[in-house]
Amino acid sequence: MKNEILKDLNELLSIKSLPSKAEKNAPFGKQMRQTLDWFLNKAKEYGLKTHDGDGYYGWAELGNNDKNAPMFAILAHLDVVGVNESEWSVPPFVLTQKDNYLYGRGVVDNKGPAVVALHILKKLKEDSIQLKHRIRLICGCNEESGSACLKQYAKVDEIPSFSMVPDADFPCINSEKGIMHFTVSCDLDEDFKQSIVYLSFGDKSALNVIPDTARIVVNGEDIIFKGVAGHAMKPDKGDNASWKAFEYLAQFSPLAEKVFELFCNKDAKKLLDIDYSDEQSGILTMSLNHGEVINDKLYLSFDMRLPISADKDEVLKRIEKAFSCTTKIINYKHNLFIDKNSPLVQTFLRVYENVTGEKLPPVQTGGGTYARELPNAVAFGPTFPNIETHIHDKDERISKENFDKWFDIYYKAILELDKISMRNEK
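Residues numbered from 1 in each chain as written. Predicted model: local features only at pLDDT ≥ 70, side-chain atom pairs only at ≥ 80, totals over all residues. Heavy atoms only, no water.

Colleague: What is the right way to look at the packing of aromatic side chains in this model?
Modeller: Geometry of an aromatic ring pair is reported as the spacing of the ring centres plus the angle between the planes. A complete count under the given rule lists 19 aromatic pairs for this structure. For the pair F170 and F384, a centre-to-centre distance of 4.8 Å together with 45° between the ring planes defines the contact as tilted. In this pair, F170 sits in the loop between β8 (168–169) and β9 (173–176) while F384 sits in the loop between β24 (382–383) and β25 (397–399), placing the two residues 214 residues apart along the sequence. Grouping residues by exposure puts F170 and F384 together as buried. Centre to centre, the rings of F403 and W406 are 5.2 Å apart; their planes meet at 50°, and the pair counts as tilted. Separated by 3 residues within a single helix, F403 and W406 lie in helix α11 (residues 400–425), roughly one turn from each other. Overall, the relative accessible area of 0% leaves W406 in the buried class. (Phe/Tyr/Trp six-rings, centres within 6.5 Å; stacked < 30°, edge-to-face > 60°. Helix = DSSP H or I, 4+ residues; strand = E, 2+ residues; numbered from the N terminus. Buried < 20%, exposed > 50% of the residue type's maximum accessible area, 1.4 Å probe, protein only.)

Colleague: How should unusual backbone geometry be read in this particular structure?
Modeller: A negative phi angle characterises most non-glycine residues, just as the trans form characterises most peptide bonds. Here F170 and P171 are connected by a cis peptide whose omega angle stands at 5°. Here P171 is to be found in the loop between β8 and β9. Of note, the amide linkage connecting G381 to P382 takes the cis form, showing an omega dihedral of 10°. Relative to the helices and strands, P382 is located in strand β24. Its identity is not glycine, yet N376 carries a phi of approximately 55°, on the positive side. Within the fold, N376 resides in the loop between β22 (363–365) and β23 (377–379).

Colleague: Where do I start with the pattern of salt bridges in this structure?
Modeller: Under the definition given, this model contains 32 salt bridges. A salt bridge links K269 to D275; the nearest nitrogen and oxygen atoms lie 3.8 Å apart. You can call K269 buried: its relative accessible area is 16%. Accessibility expressed as a relative area gives 41% for D275, which makes it partly exposed. (Salt bridge = Lys/Arg side-chain N within 4 Å of Asp/Glu carboxyl O.)

Structure follows, in structure tokens:
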């Protein structure tokens with residue numbers, strides 16, 4: 001089956017699943033509509049029942065022919081974050097096999113797991129495996145930009161009894177931090193207005209990406225600063241170009257100097273008095289990921305990951321006090337915490353141990369997954385412990401060895417989840 005899986009993955013990776021202008025039946029643009037159509041057509045080809053959620057999402061279903069049978073879901077997404085193609089060592093929208101790795105934008109986050117899950121349903125159907133309940137692979141089209149797709153699903157479609165989300169880390173995630181994207185704004189000082197005529201970095205529509213480029217024009221000099229992109233849930237893994245820009249600008253403006261001192265260093269949380277942490281969900285993280293000047297005002301937008309102990313409103317009050325600014329929340333996702341002894345968490349830990357031989361506890365993450373969008377959902381893989389996959393960065397990849405493990409792990413997890421449902425119903 002592996003060649004067929006890789007063929008499908010290559011086809012899916014070749015579609016640039018990036019958001020664009022909304023159109024009829026394509027709320028996230030033509031490319032996402034094309035991506036969703038690929039998934040639905042492929043699922044039909046494999047004999048699965050399908051449904052198009054008006055371009056927001058689609059699903060493929062297998063299992064008990066009784067429509068009243070219980071249903072659990074696999075939640076994956078088909079959209080990806082953007083790329084700077086010049087920085088990749090391979091073409092980002094092609095599946096490339098190199099040095100025992102598979103490369104491509106979305107190979108891990110999240111098209112690879114989606115294709116593997118689709119082929120698991122195909123395999124279960126071909127082998128006539130009798131299931132107690134229906135299995136629904138739900139693929140959304142807007143996970144990277146707010147999860148409007150799954151929010152729409154929750155409004156209009158059947159809610160699963162529970163869900164598995166292959167979009168985080170193994171052995172499984174039982175704690176996800178709150179995610180807040182917000183903007184601070186303030187008036188420019190006179191020095192800033194006289195010296196700095198242009199400032200721009202990051203993409204406001206993708207605040208979960210650390211900016212790898214910042215551009216300024218100061219005293220007639222056009223300067224570009226380069227960094228390394230990365231996922232905002234782990235700001236220390238990237239090299240934020242905005243920090244370099246403000247370090248340079250600090251010599252020209254008291255405001256720029258204050259931005260550099262308060263936001264562009266590893267002690268920022270302490271200086272702002274927002275250094276929250278707790279045992280259940282970990283530490284607060286913050287990343288300055290977009291900035292621009294409009295009409296004599298400076299606008300800075302941040303990605304912040306909040307532990308359970310941090311109240312979002314109190315955090316913003318403390319930033320306003322320290323920086324003398326106005327704040328505005330762009331979007332917010334609440335924390336998710338599931339007890340490590342829950343049946344779902346224990347099942348995933350057991351399956352992971354059985355396949356890999358590693359007995360590990362559940363982990364915390366700053367990442368946000370679909371697990372927040374539907375009840376009784378837990379993120380399970382696909383990234384293995386201490387393995388760097390470069391999601392949201394150049395050269396996203398997974399080793400062939402670990403890619404092969406996905407099928408075994410998720411296949412066995414589905415069968416075990418079927419047993420959980422039966423036990424709970426007795």
